[in-house]
Amino acid sequence: MTSTIRSAMPVDLTDAQIEEFGRELDAIRDEVFDSRGERDRRYILKVIRTQRLLAVTGRFVIYAGLFFLPAWGHPLAMWATSLSIIGLGTAMLGIAKILENMEIGHNVMHAQWDWMKDPNIQSNTWEWDTMGPSDRWMHSHNVVHHTWTNVLGKDLDVGYGIMRVTPMQKWHPAYLFQPITFVLLMLLFEEGVALHEQALDDHLHGRKTFAEVKPVLKHVARKAWRQIVKDYIAWPGAAALVAIPLSFYLPWSPWAVFGLVAGANAIANVMRNIWTFTIIFCGHFPGGAYNFTQQQVEGETRARWYLRQLLGSCNIEGGKLFHVLSGNLSHQIEHHLFPDMCSNRYPEVSPRVRALAARYGLPYNSASLTRQFGSTWLKNLRLAFPGGEHLDPVMARA
Amino acid sequence: MQTDASAQPRAPSLWSRVTAVTDYFAWPLRTSHYVELVNPLWASHSLQARVEKVWDETKDARTLTLRPGVNWRGHRAGQHARLGVPIGGMHYTRTYTISSAPERDDRCITITVKAIAGGRMSHHLVRQIKVGDYLPLGLPQGDFYLPDAQPVKPLFITAGSGITPAMSMLRALIAQQRLPDTAHIHYAPHEFDVIFGNELRAMAAQHPRYKLSLQLTQAISAGSAAERHFSAAQLDALCPDWREREVYACGPQSLLDALEQHWQGAGLSRRLHIERFRATQAPIPPDAVGGLVRFGKSGVQASADHLTPLLRVAEDAGMNPPHGCRMGICHTCNTRLLGGCVRDLRTGKLLNDVGAIVQTCVCAAAGDCELDL
């Protein structure tokens, strides 16, 4: 093949140019990897410490709120104080869960911190605070999604098997309900991720028998059960146990205490679900993100893989705190180009990648959260109905 | 044989019963991860030590006083422990002999580290570590310690930083007030290079049964330098009754080899107890060659000679593979051979079965090879 023949990728670049583009990205990667050091270690240790402090403090603030329930009869004992303290604790717990999921769990399991050889922070032993077991997620995410990003029929994350996110997917009447699916998945994202499983998909499509997928399901169920025990039995139960002797003196049922704590934990989990859903849906589904056919990626070189990651991912703009809370997945493009680079380095790499893309006349999809989420939602609505081919991004030209 | 106190089944402590319950609250972490936020020494999921004091013994040797976490079990005088240090963000591990006596009443231990030329970790420990730092610590290990049935007459032969296990034993014997008739031959280049010099001399002055002979191998004085190194004649002169003594020796390879030869010649090998900081190496055939080492997982390639351990090759190539003792005893560095041939430097044997376990710290390339690192 001569270099003048245009590639099957939707770009106006010769093969030689694409390879050169890949080499430049490799150079950026090598430079950052070589400069990792004590500063990065301090960063992740600080985030982990902050997250743990926030989580445990949040839970005890929720408990503290119970001492202001109207039944206590002291001057501050009223619903307003009680609920605002519980609300504060819930928010702290929710933010801790967000940090744990995004900046810590997601990134540690991407092996971003394995280079430190810290036995306590290793991708293969890390377990995170969600229903899905880490090893299953690492397979469906690191292996399937990051290798086959946005390739139809290969990347299970293209619509998660329940939504039509690109006009390249054939329409089906079931997609009419996808605006509802969208909202439901937002609220129950954690459970969705746990069930987002190649094995389950294989079973539903008749490629594997139930007996074959049973061990995987059991594994998921065991993890989910420990999660339920923690958030909906242990923490509320301990509060209820204390409330039992108190209920002889105070007109307040231990069950109500149980319900308040369990409810606060549920809200914290839903907070985290909505946030992660929002960030993750803005990663590959906003307007302008490319999808690919299996023919386009056949015999793909590393440089072409880079190119596909750039075209298929979208960044979200925001402040420093926003980036940390998003697990730096607001730098989705950089994350997809360099999945095992420690996340605190994405902000410094981002302008370089952007400049590189501009030099090659390639799109660099970056916009505010409202814009990215808005176009994701509109696309979701439109693609519930047949057609929508005009939503497919056109070829990128310099 | 090493007797391991922790191997005996023990009834679960009250604390472990409590944490068994609280772990349900801490899932997917453990209670210990939250306890660590209050005090890292109380954590049970990883043992750490706090640096309490740093003390310069000589110009290039420093003693660190460490307070180990609650899960530390007492050591036996002469044992060593693995110490981890983050350098440039990366976690490194080395083994150091504990130089303090188990009888210390403040629950602290000391290690004495000598900065070795080109030693990444020893330099960091000697120059960079500050009071208040927390370092990951392993449990005490090793079978170089005095038996409970105490030898009647010990002879310590030590050189340089090899003094550390002997120091721990001497301090223990004195603390137990049962110091027997003890002879000690210690080699050091100069007077000012003697680690624990003042304490040794004070001990010799205070305890008539402790006979110290310092051999300053490079000091300017009468006699040739060769006379001040170990020799049969020197041993006869310094310790005429050496045949009747149990010998505990620690120091550089050359000294230990000489001792082994000497005691073997006298048919007294059983009396010689040796602690090595490095694995003994088998003679390597003159036709041995190195080769190209490929590290399968990381995709790194490096050329290696037939002498350099593969662990060192990997580190020089910018990798940081798992490792521990660096002398072939802890098996932390185990990896699989994916192809080619390596030589176990301790036995000289060649390993070439695909899938064989390779201890990278004591194996070198023998031709091209590929490892699962």
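Analysis parameters
- Residues numbered from 1 in each chain as written.
- Chains lettered and ligands numbered in written order.
- Predicted model: local features only at pLDDT ≥ 70, side-chain atom pairs only at ≥ 80, totals over all residues.
- Helix = DSSP H or I, 4+ residues; strand = E, 2+ residues; numbered from the N terminus.
- Buried ≥ 20, exposed ≤ 12 C-beta atoms within 10 Å, placed from the backbone.
- Contact = placed C-beta atoms within 7 Å.
- Pairing = 2+ DSSP bridges.
- Axes fitted to C-alpha atoms, helices over the stretch in contact; angles between N-to-C directions.
- UniProt positions renumbered as here; feature names shortened; annotations may be inferred.
- Nonpolar A, V, L, I, M, F, W, Y, C, P; charged D, E, K, R; others polar.
- pLDDT = per-residue confidence, 0-100.
- Parallel < 35°, antiparallel > 145°, perpendicular 65-115°, else oblique.
- Left-handed = near helix turned anticlockwise from the far one by under 90°.
- Core = buried A, V, L, I, M, F, W, Y, C linked by C-beta atoms within 7 Å.
- Domains from an automatic or database assignment.

Trainee: Just to check I follow, could you spell out the overall build of chain B for this structure?
Mentor: Assigned secondary structure in chain B consists of nine helices and 17 strands. Within the span of chain B, comprising 373 residues, buried residues form 35% of the whole. Long-range contacts, defined here as pairs at least 24 residues apart, represent 65% of the contacts in chain B between residues at least 6 apart.

Trainee: Looking at this structure, how should I read the sheet that holds strand 8 (residues 182-188) of chain B?
Mentor: Note on sheets: strands pair through backbone hydrogen bonds, and any given pair is parallel or antiparallel. Residue and element names in this part refer to chain B. If you walk across this open sheet you meet the five strands as 9-8-7-10-11, and the pairing is parallel. Strands with a single pairing partner mark the edges of an open sheet, and in this sheet they are strand 9 (210-216) and strand 11 (272-275). Taking each pair of neighbouring strands and ignoring which way they run, the sheet shows an average axis angle of 15°. By the bridge criterion, four bridges tie strand 10 (residues 246-250) to strand 11 in an arrangement that is parallel. Following the sheet pairing, Cys-250 is matched in strand 11 by Glu-275. Seen against the sheet, helix 4 (residues 163-175) touches strand 7 (154-159), strand 8, strand 10 and strand 11 and runs at an angle of roughly 135° to strand 10.

Trainee: Sorry, what's going on with the UniProt feature "domain: Fatty acid desaturase" (unreviewed entry) in chain A here?
Mentor: In the numbering used here, UniProt assigns the "domain: Fatty acid desaturase" (unreviewed entry) feature to residues 90-366 of chain A. In this annotation, residues 90-366 of chain A is assigned 58% helix and 1% strand; the end-to-end C-alpha distance for the span is 32 Å.

Trainee: What should I look at first to understand the environment of Ile316(A) in this one?
Mentor: All names here are of chain A. Its place among the elements puts Ile-316 in strand 1 (residues 315-317). Here Ile-316 falls in the buried class, since 25 other C-beta atoms lie within 10 Å of it. Between the C-alpha atom of Ile-316 and that of Ser-330, which follows or precedes it by 14 residues, the distance is 4.7 Å. Among residues more than four places away in sequence, those in contact with Ile-316 are Cys-282, Ser-326, Ser-330, Leu-369 and Gln-372.

Trainee: I would appreciate a short explanation of the interface of chain B and chain A in the present structure.
Mentor: In many reports, interface size means the accessible area that the parts give up when they come together. Taken together, the contact pairs 15 residues of chain B with 22 residues of chain A. Within the residue set of the side of chain B that touches chain A, elements represented by two or more residues are helix 1 (14-26), helix 2 (31-38) and strand 4 (90-97) of chain B. At three residues, the largest contribution of residues to the side of chain B that touches chain A is made by helix 2 of chain B. Considered class by class, the residues forming the side of chain B that touches chain A number nine nonpolar, six polar and no charged.

Trainee: Help me understand the confidence of the model for chain B in this model?
Mentor: Regions with low pLDDT should not have their predicted coordinates read in detail. Residue and element names in this part refer to chain B. With 94% of its residues at a pLDDT of 70 or more, chain B has an overall mean of 88. For residues 1-7, every residue scores under 50 in pLDDT, and the model assigns this stretch three contacts once sequence neighbours within four places are set aside. In the predicted assembly, ipTM is 0.90 and pTM is 0.85.

Trainee: Please explain the UniProt feature "transmembrane region" (unreviewed entry) in chain A as it appears in this structure.
Mentor: All names here are of chain A. Mapped onto the present numbering, the UniProt feature "transmembrane region" (unreviewed entry) falls on residues 53-72, 78-99 and 232-250. The straight-line gap between the two end C-alpha atoms of residues 53-72 is 29 Å; of that span, 70% is helix and 0% is strand. Secondary structure across residues 78-99 comprises 95% helix and 0% strand; the distance between its end C-alpha atoms is 32 Å.

Trainee: Sorry, what's going on with the packing of helix 2 (residues 38-66) of chain A against helix 3 (residues 79-108) of chain A here?
Mentor: Two packed helices can be described by the angle between their axes and the distance between those axes. All names here are of chain A. The interhelical angle for the contact between helix 2 and helix 3, taken along N-to-C directions, is 155°, at an axis separation of 7 Å. Comparing their axes, helix 3 and helix 2 come out roughly antiparallel. Where helix 2 crosses over helix 3, the two elements pack in a sense that is left-handed. Here the contact of helix 2 with helix 3 is composed, by residue class, of 16 nonpolar, seven polar and three charged.

Trainee: Just checking my understanding: could you explain the UniProt feature "domain: FAD-binding FR-type" (unreviewed entry) in chain B for this structure?
Mentor: Listed under "domain: FAD-binding FR-type" (unreviewed entry) in the UniProt record, and renumbered for this structure, are residues 44-147 of chain B. Secondary structure across residues 44-147 of chain B divides into 8% helix and 40% strand, with the first and last C-alpha atoms of the span separated by 30 Å.

Trainee: Looking at this model, I keep getting lost on the nonpolar core. Mind explaining?
Mentor: Generally speaking, a soluble globular protein has its nonpolar side chains buried in company with each other. Of all hydrophobic cores here, the largest spans 83 residues; its most connected members are Ala239(A), Val257(A), Val261(A), Leu307(A) and Leu310(A). Among the elements that line this core, the one with the most residues is helix 9 (residues 254-284) of chain A, at 11 residues. Contact partners of Val261(A), with chain neighbours within four places excluded, come to Ile62(A), Trp235(A), Pro236(A) and Ala239(A). Core analysis: the next-biggest nonpolar cluster, separate from the first, contains 51 residues, Leu64(B), Val113(B), Leu155(B) and Met169(B) among them.

Trainee: Can you help me understand the domain arrangement of chain B in this one?
Mentor: Assigned domains of chain B: these are domain 1 (14-46), domain 2 (48-143), domain 3 (154-275) and domain 4 (291-371). Here the C-alpha centre of domain 4 of chain B lies 36 Å away from the C-alpha centre of domain 3 of chain B.

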